[in-house]
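Tertiary structure, described
If you want the building blocks of each chain, they are given just below.
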Amino acid sequence: MCASNTGQAAVLRSALRKIGYAALVVLVVTFGVSLMLSLAPGSVAETILGENATPENVALLNKELGYDRPFIVQYLDWLSHAVRGDLGVSPITHLPVTEAILQRLPVTLELAVLALVLSLVIAVPLAIVSAARAGSALDRGISAATSVFLSVPAFVAGPVLIYFFAVQLRVFPALGWVPIEDGLGANLAAAFLPALAAALVEIAAFHRVLRADLIGTLREDFVAAARAKGLSPSYVMFRHAFRPSSFSLLTISALSLARLIGGTIIVETLFVLPGIGQLIANAVLQRDVVTVQGVVAFIAVTFVVVNMIVDVSYGLIDPRLRRAPAARKIARGRSRTVKPVQKKELTA
Amino acid sequence: MISKKRSALIALMAAGTLALAACSSSSAPSEPTTSGDPVSGGTLRVLELAPPIGFDPAQVFSSNSMPVTYTALYGQFMVADETTGEYVCGLCESFTSSDGGATYDVVMPEGLTFTDGTPLDAEAIKYNWDRLKDPALGSASAGYASQIDHIDVVDDLTAKLTLKSPNPGFVGNMPVYALQWIASPTALAKGTEEFNKNPVGAGPFVLDSWTPNGTLKLTKNPDYYDAPKPYLDALEIQGVPDNAQRLNALLSGQADLIMNSEASVFEEGKSAGFVETRYTFNGGVGFMFNTSAAPFDDPRARQAIAYALDLDALSDAATAGYPSAPKTLFSKDSPYYEDIPLQTYDPDKAQELFDELADEGKPLEFSYALFPGNGQSVFDALQAQLSSYDNVTVTADQRDSSEQGVIGTTGDYQVLSSSLAFSDPSARLWGALFSTAGATNYSRFNDPVTDAALTAAGAATDVDAKKEQYSIVQQQVAELDPYILFQGFYNGALSTEKVKGIEIDGWTTPPAAELWLQP
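Residues numbered from 1 in each chain as written. Chains lettered and ligands numbered in written order. Predicted model: local features only at pLDDT ≥ 70, side-chain atom pairs only at ≥ 80, totals over all residues. Heavy atoms only, no water.

Turning to the overall build of chain B, a few remarks are in order. Counting its regular elements, chain B contains 17 helices and 20 strands. Against the globule reference of 24 Å for 519 residues, chain B gives a C-alpha radius of gyration of 25 Å, in line with a compact fold. Taken over the C-alpha atoms alone, chain B extends approximately 85 × 70 × 45 Å along its principal axes. Split into buried and exposed, the 519 residues of chain B put 56% on the buried side. The long-range fraction of contacts in chain B, counting pairs at least 24 apart against all pairs at least 6 apart in sequence, stands at 69%. For chain B, the accessible surface area stands at approximately 20,100 Å², while carbon and sulfur atoms represent 51% of it. (Helix = DSSP H or I, 4+ residues; strand = E, 2+ residues; numbered from the N terminus. Rg over C-alpha atoms; globule rule 2.2 N^0.38 Å. Buried < 20%, exposed > 50% of the residue type's maximum accessible area, 1.4 Å probe, protein only. Contact = heavy atoms within 4.5 Å. Areas by Shrake-Rupley, 256 points an atom, 1.4 Å probe, with all protein chains shown as cover.)

Written out as C-alpha cells, the structure reads:
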C-alpha cells in the first residue's frame, strides 16, 4: 500500500516535471522569437502604412497597437492572454491568430502526414532490403540514391518535380491546394508533389537510421540462433529484427512529423499552399509579431506533445519499459546513439 | 571513362527528356484568334501578383497587384482613358474641380446599389473615404485620404471634397490607392473580420469562398448595373508572388490568365505560345535622388551619375538579359511623347564633373539604400560601373523591407531604386515632381520651371497645349536628373487564346467585368 502510494507519487512528480519542462520550452522559445523580432529593424506599423506613411502616422499606429510599450511589457501582456487560450488578433489581417492557425492546420497536417507516410513507405522497404544484403551492390546503390535525396534540398527538389510532373507531363498541378471537400482525387493530386518534395530528405534519413539499426540487430546472437533453428530470413527479419530496430526510426519519425506540422515553409511557399509555413513566413515578412508569437507557441507545443507521445510509445514497443521507468532513459539513450537493442535484454 | 551501358543510359535519358519537351510544345496554345462578340459563361482561373490579406478597402496594400480581385468585388470607381492615360469616371458620374484642385465635386449616378441593396450614394462615398483616415485601421491609403480635409454631402448623389491644400492631380492618383474601392457602409460597420467573410461592393462579382493564401472563388453578381456584364459565371483567383510559379501554372494548364510585370516572363510566355497583353507605363523605375540633402542637393552630382552610367548595360544586369531603360519620359504610345532623351551616356563628361566636385573638396561619396530582393543586382551593376571612375564611391546601405514604404516619406536616404511610373501625368508625375506636392514628392525635387509647366499642363484642356508643357517638364527632368530611369515598368497579362476582353490601361486593370472566355 505504502509502496503503491510512493510509486504513484513518483509518477505524478515525473509527470509534473515533464509538464514543467514543456512549459519552460514553450516560454523560452516564444520569448526568444519575440525578442529577436523586436530587435529587427522596422515595425508592423511601417509595413501596414506603406508608402506615404509619415513618422507621425507610424508612431500613432504603433501606439494604437501597443508597440510603443517596452518589449517585456508587450511580451507579458501577450503571455497572459496566451495562457488563457487567446493568441491575439493579427494587426495585418484582423483575424484571431488561433483562427488563422486552425484555418491552415488541415493543409499542413495533411501534407505532414502524407510526407511521413510516403517517407516510411519508401524508406522502410529500402532499409530492409539494404540491411538484408548489406554490403552488396544493391545496398550500395540504394544508399547512393538516398544520399542524393539527402543532399537535395526542398528548394531544389520542388522546382525539379514541378518542371517534370506539372509543366512537362502535366500529371500534377504546379501549385495550389484543393480541399478534401472538393474531391479526394483532386486533393491528393494537389498534395502529392509537395508531400514528395518534403519527403525526399526524410526518406534518406529514415533509410539510413533503420538500415544501421537492422544491420546491428541482425548481427546479434539471438538472430543467429533464430537462423540456426531454420527460420526463414524474412521471418527472422520481421519477427525478430525489425521491432527491436525501430526505436530510432520511431523517434526521428515523430520528430519529423512535429517539424512538418510546424510548417514546411519552403515547400508551402514553392507550391503556394495555404498552410502554417506560409502563415509564419508572411507574418515574419510583415513584422506581424502577434501571429509569429502564436504560431511559434503552437509549433513549440506540438514538438513538446509529440516528444511526450514518443516517450509513451517506447513502452508500447518494449513492454519492459512500462515496468521500469528508468529503462526509458536507456531507450532514449539508445535512440540517440542509434544502438541496437541488446540480445540479453530481449531474451531475458 | 564512361561504359557503353552507361552511355546508352545517358542517351536514353536525353532522348526521353527531348521527347517530353516535344510533347509539351505540341500541347502549348497557338496564336490568338479574333475575339468576336463577348460570350457569357465559364469560369476563369486567374493568378495575380499577390494574395489579398482581406477585402476591406482599408486593408488593401497594393491594389495593382490584385486588379481582378478588387475590380470584381468593387467595380472601377475611376477608369483610365486609353488615349491620354487620364482617369475619368467609372462608377461615378462626374468628378470635377473648378478651383485648381482645392475642392472636388463627386456626383454619383442615380439608382446604383451595393450587392446588399444599400445605396452607393454620396453618404457611402463620405463614409468610405473618411474611414480610411482612421489611424486605428492602419490603412496604407491613410496618407492619401488625409489630403481630404473634409467631405460635405451636398445631396444624395453629390459629395463635395475640400482638400487641405490644392492638388490638381488628386483624381488621377486615386486608383493607386484604396479610394478606388467603395464598400457598403452597412457591411463595413460590422467590422473587418466580419466584412472579410462577406465583402459587399457594387462590383460585377460576389464572394463565394475564400481560403486566405489559397483560392478565392467569386460568382457573377446577377444584379450588376452594367448588364450583360460580367460575361463570366465565376472567377477562381489565387495570388502567387513568384513569377516562375505563375508561369509554371500557365504552362501546366492550371491557369487561364496570369498577371505579370516582368519582361523576361512576357518573353518566355510568348515563346510558349501564350497571348501577351502588356501596358507600358510612362516613366519607369530608376535611381531616385534625395535632392534636398548632400551630396545630391547639388545638381552636378546627379548629372555626373547620369553621364557616368551605361543604362542599357545596367538594365541588362538588373533584368537578367531583358534591358528596358526608358529613353524618354513618355512612352511612344502617349499623346505627350516627344523624343527628348532623358540621359546621355558620356563618361568623359562624368569624370569632369566628379573631378570638379572633388576639387571643391566634395568628392562624391554616397550610399544606395538596398532592400531585400533584386536590389542587390542593381547595386552590383551600379557599383561596378562607377568603379571605373575616380572621385566617386558608392556603398550599400542595407535596409529592412518594412522600411521600403516609409523611406521616401522620411527622406532618410541618399539614393534608392524607386518608381516614377505613371499613366496620368497630371496626377502621379505632378505628385512626384511638384515642389509642394507633399509626401508624394519623395525626391524632394524643387524646380520652379517644372512647377510652372506642371501647373499649366494641369490647367490646359487640349492635348497640344498639355504636350507643350510636358515637353518642358521632360527637358527639366533630363537636365536636373531627380531620377535616372533604367527599367521600363509594365502591367500586363499572359493568357491562353480562349481568354478575351483583357483591357490593360494603367493601374488596377484588367477589369473583371470585361473578361470572357471563347467557347
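On to a negative patch on the surface. All names here are of chain B. The grouping of E93, E110, E123, D155 and D156 at the surface amounts to a negative patch. Its location among the elements puts D156 in the loop between strand 6 (148–155) and strand 7 (158–163). The exposure class assigned to D156 is exposed, which follows from its relative accessible area of 61%. (Patch = residues over 30% accessible without salt bridge, like charges linked within 9 Å, V, L, I, M, F, W, Y side chains within 5 Å. Salt bridge = Lys/Arg side-chain N within 4 Å of Asp/Glu carboxyl O. Lys, Arg positive; Asp, Glu negative; His and termini not counted. Charge placed at Lys NZ, Arg CZ, Asp CG, Glu CD.)

This paragraph deals with the state of the cysteines. Residues and elements named next belong to chain B. Under the criterion given, the structure shown has one disulfide over all chains. With its sulfur 2.0 Å from that of its partner, C89 forms a disulfide with C92. On the sign convention where negative is left-handed, the bridge of C89 and C92, at about -105° about the S-S bond, is left-handed. (Disulfide = S-S within 2.5 Å.)

Okay, the pattern of salt bridges next. With the rule as written, the count across this model stands at 25 salt bridges over all chains. The salt bridge involving K217(B) is made with D182(A); its shortest N-O contact spans 3.2 Å. Highlighted residues: K217(B) in strand 9 (residues 215–220) and D182(A) in the loop between helix 7 (154–168) and helix 8 (184–218), drawn from two different chains. With relative accessibility at 22%, the residue K217(B) sits in the partly exposed group. Its relative accessible area of 42% is what places D182(A) among the partly exposed residues. K270(B) serves as the salt-bridge partner of E267(B), at 3.8 Å between the closest nitrogen and oxygen. In this pair, E267(B) and K270(B) both sit in helix 9 (residues 263–271), three residues apart, roughly one turn of the helix. Residue classification places E267(B) among the partly exposed positions, given a relative accessible area of 29%. Judged by relative accessible area, K270(B) falls into the partly exposed class, the value being 36%. Shared partners join several salt bridges into a network, and the residues in it are D298(B), R300(B), E356(B), E360(B) and K362(B).

If you look at the biggest cluster of nonpolar residues, it comprises 74 residues, and the most contacted ones within it are F77(B), F95(B), W129(B), L161(B), F170(B), L179(B) and L235(B). What L161(B) contacts, discounting residues up to four positions off in sequence, is F95(B), A102(B), T103(B), Y104(B), V106(B), W129(B), I148(B), H150(B), I151(B) and F170(B). (Core = buried A, V, L, I, M, F, W, Y, C linked by side-chain atoms within 4.5 Å.)

Before going further, it helps to spend a moment on the domain arrangement of chain B. Residue and element names in this part refer to chain B. Splitting chain B by domain gives domain 1 (43–241 + 491–517) and domain 2 (282–488). Look at where the C-alpha atoms of domain 1 and domain 2 centre, and you get two points 31 Å apart. The interface is formed by 15 residues belonging to domain 1 together with twelve residues belonging to domain 2. Of the roughly 1,200 Å² buried at the junction of domain 1 and domain 2 (both faces included), carbon and sulfur atoms supply 53%. Seen at the junction of domain 1 and domain 2, the total is one salt bridge. Ionic pairing is found between E86 and K466, a salt bridge with its closest N-O pair at 3.5 Å. Taken together, the connections running from domain 1 to domain 2 amount to three residue pairs in polar contact (both at pLDDT 80 or more). (Domains from an automatic or database assignment. Buried area = accessible area lost by both parts, 1.4 Å probe. Polar contact = N/O pair within 3.5 Å; in protein donor to acceptor, adjacent residues only side chain to side chain.)

Residues and elements named next belong to chain B. In spatial order, the strands read 15-14-16-13-17; together these five strands make up an open sheet with mixed pairing. Two strands close off the open sheet at either side, each with one partner strand: strand 15 (392–398) and strand 17 (483–487). Taking the axes of each pair of neighbouring strands and ignoring which way they run, one obtains an average angle of 35° across the sheet. As paired strands, strand 14 (residues 364–370) and strand 16 (residues 415–419) are joined by two bridges and run parallel to one another. (Pairing = 2+ DSSP bridges. Axes fitted to C-alpha atoms, helices over the stretch in contact; angles between N-to-C directions.)

All names here are of chain B. Within the secondary structure, Q351 sits in helix 12 (residues 347–359). Classification of Q351 as buried rests on a relative accessible area of 17%. Spatially, the C-alpha atoms of Q351 and I305 are 9.5 Å apart, while their sequence positions differ by 46 residues. Excluding anything up to four places from it in sequence, Q351 contacts Y389 and D390.

Every contact between the two is made by 48 residues of chain A and, on the other side, 49 residues of chain B. With both chains or domains summed, chain A and chain B bury close to 3,800 Å², and 54% of this area falls on carbon and sulfur atoms. Remark: the boundary between chain A and chain B carries one salt bridge. Here chain A is connected to chain B by eleven residue pairs in polar contact (both at pLDDT 80 or more). Of the residues assigned to the side of chain A that touches chain B, the class counts are 25 nonpolar, 15 polar and eight charged. (Nonpolar A, V, L, I, M, F, W, Y, C, P; charged D, E, K, R; others polar.)

This part covers the environment of G85(B). Residue and element names in this part refer to chain B. In this structure, G85 sits in the loop between strand 2 (78–80) and strand 3 (87–89). Since its relative accessible area comes to 6%, G85 is described here as buried. A C-alpha to C-alpha distance of 9.1 Å links G85 and P335, two positions 250 residues apart in sequence. Dropping the residues within four chain positions of it, G85 is found in contact with A80, S423 and D424.

What follows covers a nonpolar patch on the surface. Residues and elements named next belong to chain A. Nonpolar side chains collect at one region of the surface, where F155, V156, V160, Y163, F164, I265 and I266 lie side by side and expose about 590 Å² of accessible area between them. Every element with two or more residues in the nonpolar patch is listed here: helix 7 and helix 12 (265–270). The greatest single-element share of the nonpolar patch, amounting to five residues, is contributed by helix 7. Looking at the element boundaries, F155 is found in helix 7.

What follows deals with the side chain of Q476(B). All names here are of chain B. Residue placement: Q476 occurs in helix 17 (residues 463–480). By relative accessible area, Q476 is classed as buried at 16%. With near-sequence residues (within four places) excluded, Q476 lies in contact with D447, V449, T450 and D481.

In this section: the confidence of the model for chain B. Detailed reading of the predicted coordinates is not advisable wherever pLDDT falls low. In the predicted model, chain B carries a mean pLDDT of 88, and 92% of its residues have values of at least 70. With pTM at 0.82, the complex prediction returns an ipTM value of 0.75. (pLDDT = per-residue confidence, 0-100.)

Residues and elements named next belong to chain A. Here, UniProt's "transmembrane region" (unreviewed entry) annotation points to residues 21–40, 111–132, 144–166, 186–206, 247–272 and 292–317. In residues 21–40, helix accounts for 95% and strand for 0%; the two terminal C-alpha atoms are 29 Å from one another. As annotated, residues 186–206 comprises 100% helix and 0% strand, and the C-alpha atoms at either end are separated by 29 Å. (UniProt positions renumbered as here; feature names shortened; annotations may be inferred.)

A word on the pairing of strand 18 (residues 490–495) of chain B. All names here are of chain B. For strand 18, a buried count of six out of six residues is recorded, marking the element as mostly surrounded by other parts of the structure. Here strand 18 shows a buried face lined by Y490, G492 and L494 and a second buried face lined by N491, A493 and S495. Where strand 11 (residues 257–260) meets strand 18, four bridges bridge the pair, whose relative direction is antiparallel. Among the inter-strand pairings, L257 is bridged to a residue of strand 18, identified as S495. Relative to strand 18, strand 12 (residues 275–280) runs antiparallel, the two sharing six bridges. Residue pairing in the sheet places Y279 in a bridge with N491 of strand 18.

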